[in-house]
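Read off the chains here:
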Amino acid sequence: MHRTGQPLLTHRIAYGGDYNPEQWSPDIWREDIELMTHAGVNLVTLGVFSWACLEPRPGEYDFAWLDEVMNLLHAAGICVDLATPTASPPPWMGRLHPDTLARNADGTTMHWGSRNHFSPASQTYRDHSERIVTRLVERYAGHPAVVMWHVGNEYGQMCYSDESAERFRAWLVKRYGTLEAINEAWGTAFWSQRYSTIDEIIPPRTAPYLINPGLNLDFRRYSSDLMLECFLEQRDIIRQADPQAVVTTNFMGFFAPVNYQHWAPHLDVIADDIYPDPSDPDSWHTTAMTHTLMRSLARGKPWMIMEQAITAVNWRAHNVPKPLHQTRRETLSAIARGARGVCFFQWRASTAGSERFHSAMVPHQGPTSATHQAIRALGSELDTLSTVLENAAPLATPQRVALVFDWESWWATQEPALPTNRLDARDILADWHTALLRLGVTSDIVAPTDPLGEYAAVVVPNLYQASPQALANLRDCVERSDHLVPLIVGPFTAVADHHGHIHRGGFPVPLADLTGTHGNDWVPLEAGVNIDMAGAQYAVADFAEHITVTSDLTTTIAHFTDDAPHDLAGHPAITHNAGTNTWYCAARLSPDALTHLLRAALPSSTRLPAEPPHGVDVVSAPTHLAVINHTNEHQRIALADITTDQQNLFCAMTGAPVEDSLTLPPYDATILVAAPAVSETKELNA
Ligand code: GLA
């Protein structure tokens, strides 16, 4: 995808940010473009919120300003990720067409005056979107500056209106065929909820007490699909005009309302917006996990950071600025995990509007500010990295581990009225991912129905609700593998089927023959319960299971200590079935305990020669080896501890050779690559 120079994202790291020229006068545009050039910016996202400028009154269009900006950018060699402006319809739309406004669960109308007030279920909204997108595409498809299209912005709208109710019913009929099947799936024999005609079905609007979990689950499925329909309608308009067009939209990490596992195959580039909380010293763990998710969703397609903050955001209650070294570490963590684009929100700080206190690449204080200087330094560093990564020789890497995560099952763990509300699947995933990070193990975050054949181990931190296909896939990787790939299963897994109906019997019922255990009780806990694993004690977090061993091949790896309440004392907390190589964890454990477990369970082929020091992130990839120091201390790393491939390594940023070891100052990071064979080196140095 390039119109100028080397193709961005595939061969050059894209660097830039959201650009909102409609907030500025033409003389500032020129200054902006000059500053962008100095900062190494090669991509801007344009027009995300420009609908009211492009169509100031219904059917009356003004593209002249955008023409000028696009041409100025192109003349400077800056590529454009052109947005369809449909995230924020102009005020006239709400006034003339109130049916375009979303309604929340208690019927409150979402009004204009902010953004994202549209209902994805509104046909009127969708017709107007189609018109503006068609105009935009007619005008700019094939424009030499446009390398990518950005549909809408951060999809996430759910709507409970009557029009949405109608669409929901149609979606249900398509999914289930008959009303009988819907009643069955939702278990409506409970509490007199049985529907006698389809028209009685409404979205899960505000109700006196707990709402049927099947209704909630299907409404989430429907809402995600409905937004996807909106995305696809616009994508197809773009594709019709330009079949080669690269089309994306921006994800928001682990953003529950949109099932990114369903969406990802429909995007040409996976793009993510990420805003880690600078007050959380461990935010690098979740940042790394989110990057891992994006790389995994991309499945070989390019992925990029579409938005991050250079320093502070404005939307938390107390906006601690993000240190510039943290932004650099987060950026390099993304690059290390395969990102080939790093962009910011936004280019120039707004002086008016709700985001006037959000940081930007050009802050109010101007280009001499430390912030803007850091933007220039990062731009130059990424430019160097682009060339070096492109030419690096391949490195030997450990085998990957699959971390199984299912969006729908995540929704199900967010339902009220479970044994505890402390079993959110994303949080449990984070514990396991942190343990893998500590071990320096590279993982992919995959859906339970994704192919698992290439992995050296399959870890299922939590899969509360498992479809027959998911179960068959997990069983397959155990039963088909000739070398017994370990299957490591976390608590509260395979408790329910894909409708959310609980399996009867000793849990995890559909996997109990693999684990060789029988689950008797779920036991939510307060603090103070411990397990003993090979003489080491670890605290249990919030939740335990009372289980017994049923197979001769299953041994107890850890047990609850003698003072544990609820008849847990002495009972297994972690088991291993040597016949199937299946590990089962009957407690929610901290990353410390999980690290201990994974050390025992993972094959050595997945591991670095040694574990990285605490707080140091080591990412091993075929083109590079990244070492990121998230601590405030110097860290000395012996190369022999992080790679088996120590020949000809050099620092991608400085070009300095690295032999034997490297020392990283506090909060510093480096990316190492292997020099290519001599004939290619010439080109690299050219
Ligand atoms: C989101 C939006 C941007 C901006 C930033 C602020 O990511 O997409 O338009 O509002 O948040 O952090």
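Per chain, the residues get numbers from 1 upward, laid out in the order the sequence is written. Whole-chain, interface and lining totals are the exception, using all residues; otherwise, since this is a predicted model, local features are given only for residues with pLDDT of at least 70 and side-chain atom pairs are given and counted only at 80 or more. Just so you know, side-chain values use all the structure's heavy atoms and leave hydrogens and water out.

## Observations regarding the domain arrangement of the protein
Argument step 1. Domains assigned within the protein are domain 1 (7-156 + 226-390), domain 2 (164-200), domain 3 (401-606) and domain 4 (616-685).
Argument step 2. Computed from C-alpha atoms alone, the centre-to-centre distance between domain 1 and domain 4 is 32 Å.
Argument step 3. The contact rule is simple, with two residues in contact once any of their heavy atoms fall within 4.5 Å. Facing 16 residues of domain 1, the contacting portion of domain 4 comprises 19 residues.
Argument step 4. We define buried area as the total accessible area lost by two parts upon association, computed with a 1.4 Å probe and summed across both. The contact between domain 1 and domain 4 buries some 1600 Å² in all, and 69% of this surface belongs to carbon and sulfur atoms.
Argument step 5. Helix and strand definitions here come from DSSP, where helices need a minimum of 4 consecutive H or I residues and strands a minimum of 2 consecutive E residues; each element is numbered from the N-terminal end. Those elements that provide at least two residues to the side of domain 1 that touches domain 4 are helix H11 (324-336) and helix H12 (370-391).
Argument step 6. Of all the elements, H11 adds the most residues to the side of domain 1 that touches domain 4, at seven residues. Annotation comment: domain bounds sourced from an automatic or database domain assignment.

## Observations regarding the nonpolar core
Argument step 1. Core analysis: the largest hydrophobic core is formed by 160 residues, its most contacted members being Leu 82, Trp 149, Leu 385, Trp 432, Ile 531 and Phe 560.
Argument step 2. Residue contacts for Trp 432: discarding those within four places in its chain leaves Leu 403, Val 459, Pro 461, Ile 488, Gly 490, Cys 585, Leu 594, Leu 597 and Leu 598.
Argument step 3. If you look at the next biggest cluster of nonpolar residues, it comprises 23 residues, including Val 404, Tyr 455, Leu 474 and Ala 586. Working definition of a nonpolar core: buried Ala, Val, Leu, Ile, Met, Phe, Trp, Tyr and Cys residues. They are joined through side-chain atoms within 4.5 Å. Under the scheme applied here, a residue whose accessible area is under 20% of the maximum for its type counts as buried, over 50% as exposed, and between as partly exposed, the area being computed with a 1.4 Å probe on protein chains only.

## Points about the pairing of strand E4 (residues 146-150)
Argument step 1. Most of E4 sits inside the fold, with five of its five residues counted as buried.
Argument step 2. Two elements, strand E3 (residues 79-83) and E4, share four bridges in a ladder whose sense is parallel. By the bridge assignment, Asp 81 is partnered in E4 with Met 148.
Argument step 3. Pairing between E4 and strand E5 (residues 247-248): two bridges, direction parallel. For two strands to be treated as a pair, DSSP must find at least two bridges joining them.

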